[in-house]
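Tertiary structure, described
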Amino acid sequence: MRGGCQEWQGGKCTQPPYTDRDADGSPHGWLLQTLEALNRTWPHPQNRLVNRGMMATGPELVAKCPMTYIPKEADAVIISFADMCSAVKTWGVAETLRETLNSTFVWSLEVIVRTLLRRRDPPTIVFFNLFKWQERLYGEGPSKFAQSCDAVIAELAQFYHVSTISMRNSLWHLVHPAHEKTEHIPFRFETWTIENGLHFDLRRGDRMVAELLYYWLQSAASADRPLNLQSVDQMQWLSEYPGQRRGRSSCYSFDDSFGGSVAEPQILGTSGWTKVDWVRAAGGEKKKKPGYVASQKGAELRIDTRQAGLQHVSIGYLQTYSSSAMVQIECEAPCSCTAEELRAHTSSRTSTTAMSPKLRAVAPAGTTCTLRLRMLTDQQPFKLIAIHVEDPTGAAEDV
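These remarks concern the structure in this document. (Residues numbered from 1 in each chain as written. Predicted model: local features only at pLDDT ≥ 70, side-chain atom pairs only at ≥ 80, totals over all residues. Heavy atoms only, no water.)

Our next topic: the packing of aromatic side chains. Under the counting rule described, the total for this entry stands at 11 aromatic pairs. Relative to phenylalanine 105, the ring of phenylalanine 81 lies with its centre 6.4 Å away and its plane at 80°, an arrangement referred to as edge-to-face. A residue pair is termed long-range when its members are at least 10 positions apart, and phenylalanine 81 in the loop between strand S3 (76-79) and strand S4 (88-90) and phenylalanine 105 in helix H5 (residues 104-117) qualify at 24 residues. In terms of burial, phenylalanine 81 and phenylalanine 105 fall into one category: buried. Their ring planes at 80° and their centres at 6.4 Å tell us that tryptophan 273 and phenylalanine 382 sit as a pair that is edge-to-face. With a gap of 109 residues between them, tryptophan 273 in the loop between strand S11 (266-271) and strand S12 (274-280) and phenylalanine 382 in strand S22 (residues 382-391) connect regions that are remote in the sequence. For phenylalanine 382, a relative accessible area of 0% corresponds to the buried category. Ring pairs connect the aromatic residues Trp30, Phe128, Trp192 and Phe200, which therefore count as one cluster. Over the face of the ring belonging to tryptophan 237 we find arginine 114, whose NZ or CZ atom lies 4.4 Å from the ring centre. (Phe/Tyr/Trp six-rings, centres within 6.5 Å; stacked < 30°, edge-to-face > 60°. Helix = DSSP H or I, 4+ residues; strand = E, 2+ residues; numbered from the N terminus. Buried < 20%, exposed > 50% of the residue type's maximum accessible area, 1.4 Å probe, protein only. Lys NZ or Arg CZ within 6 Å of the ring centre and 35° of its normal.)

Structure below.
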């Protein structure tokens with residue numbers, strides 16, 4: 001099940017194409033299985049699951065507009081980004097925990113947590129991480145704790161006194177017993193994951209996660225909310241990543257509109273760019289990954305930021321090892337900015353949505369800014385997915 005649907009008793013997420021069901025009626029997907037277990041335990045017509053997950057997208061986009069992506073009425077928030085912190089500087093060289101803590105990934109997670117805790121009625125928060133069991137970047141053998149997201153997530157969870165669910169802690173000694181004979185390991189990760197441990201399968205893996213999450217819900221519901229020792233505003237930041245100051249933000253995406261709460265970027269015109277909705281994955285299956293794509297040198301796409309005056313603009317684009325495409329971002333008069341170049345290529349074998357560094361632009365009062373994306377390379381695809389526009393003079397809407 002992908003994001004963008006809202007589930008309640010008999011609601012939209014239970015229907016194709018959002019989910020399939022097994023012969024016994026169990027839905028595919030650990031979120032839906034957890035919700036159905038919740039409804040059996042605490043039935044209520046207003047129980048609702050809001051799934052704001054986006055394919056191959058880290059926390060950076062959500063952190064730019066947390067009030068847009070996370071409803072104010074949320075009672076519990078599950079934060080999960082599929083072990084995407086990628087603690088690697090170059091091929092085979094691991095980051096230290098301190099370096100990972102000071103990355104945009106962890107800083108964005110921290111922005112989300114602090115935003116939620118500052119709400120007048122803060123939700124219960126739980127981190128959930130899909131641990132990568134098989135080592136692929138540092139050699140053969142089991143993955144190390146410090147080389148996954150589990151280490152930094154545990155640090156964040158303890159720092160802010162929020163919950164964490166760890167597949168590694170639950171299953172490590174069952175997956176990697178002292179005397180390893182593969183045929184005698186009932187919980188070896190290949191039996192409940194796909195793509196060499198990157199994703200849960202829809203038979204055993206999603207059921208295991210749903211059970212862990214359901215038991216966490218039971219514990220959270222039966223426990224009193226702990227007294228906060230101090231407000232978040234009085235707490236230091238764990239990450240030392242610069243740029244913690246945020247202004248009033250607007251996010252636009254070609255991904256799911258989430259019931260209309262997230263608008264698409266306003267495209268004023270294109271030459272050589274094509275809007276796509278579905279792409280074919282490496283395994284041959286089609287996946288819904290909307291955006292605008294160009295692969296010819298000189299192709300241009302024009303975007304209205306919908307904001308006048310001083311603004312900071314970030315472009316969401318597909319970062320992938322399979323393309324070396326480059327684009328130039330520039331402003332059309334009377335809006336002004338310093339042109340910047342973006343590269344699609346990354347050494348990581350996982351393609352993800354990346355957010356570009358902030359571009360400082362200024363448009364005259366009463367006039368919005370028009371950005372132009374121009375392809376600098378040929379025969380290599382570049383994909384536009386989202387745009388974020390920040391008013392640095394306004395206060396962030398965090399409460």
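And the narrative resumes.
Time to look at the pairing of strand S6 (residues 124-129). Among the six residues that make up S6, five are buried, leaving the element largely enclosed by the rest of the structure. Bridge count for S3 against S6 is four bridges, and the pairing is parallel. Residue pairing in the sheet places isoleucine 78 in a bridge with valine 126 of S6. When S6 meets strand S7 (residues 163-166), the two strands line up parallel, connected through four bridges. Counterpart to phenylalanine 127 in the pairing with S7 is threonine 164. (Pairing = 2+ DSSP bridges.)

In total, this model carries 10 salt bridges according to the counting rule given. Here arginine 372 and glutamate 300 are joined by a salt bridge, their closest N and O atoms 4.0 Å apart. Here arginine 372 is found in strand S21 (residues 370-375), whereas its partner glutamate 300 is found in strand S14 (residues 300-304), with 72 residues between them in sequence. Residue glutamate 300 is classed as partly exposed on the basis of its relative accessible area, which comes to 29%. Its salt-bridge partner being lysine 358, residue glutamate 390 comes within 3.2 Å of it at the nearest N-O pair. Remark: lysine 358 occurs in the loop between strand S19 (352-355) and strand S20 (359-363) and glutamate 390 occurs in strand S22; sequence separation between them is 32 residues. Put simply, Glu300, Arg302, Glu330, Glu332, Arg372 and Arg374 are held in one network by salt bridges that share partners. (Salt bridge = Lys/Arg side-chain N within 4 Å of Asp/Glu carboxyl O.)

Here the focus is the side chain of asparagine 47. Counting through the fold element by element, asparagine 47 comes out in the loop between helix H1 (30-41) and strand S2 (48-50). The exposure class assigned to asparagine 47 is buried, which follows from its relative accessible area of 16%. For asparagine 47, the side chain forms a polar contact with the main-chain oxygen of tryptophan 42, separated by 2.8 Å. (Polar contact = N/O pair within 3.5 Å; in protein donor to acceptor, adjacent residues only side chain to side chain.)

Such coordinate-based values are descriptive only and should not be taken to indicate function.
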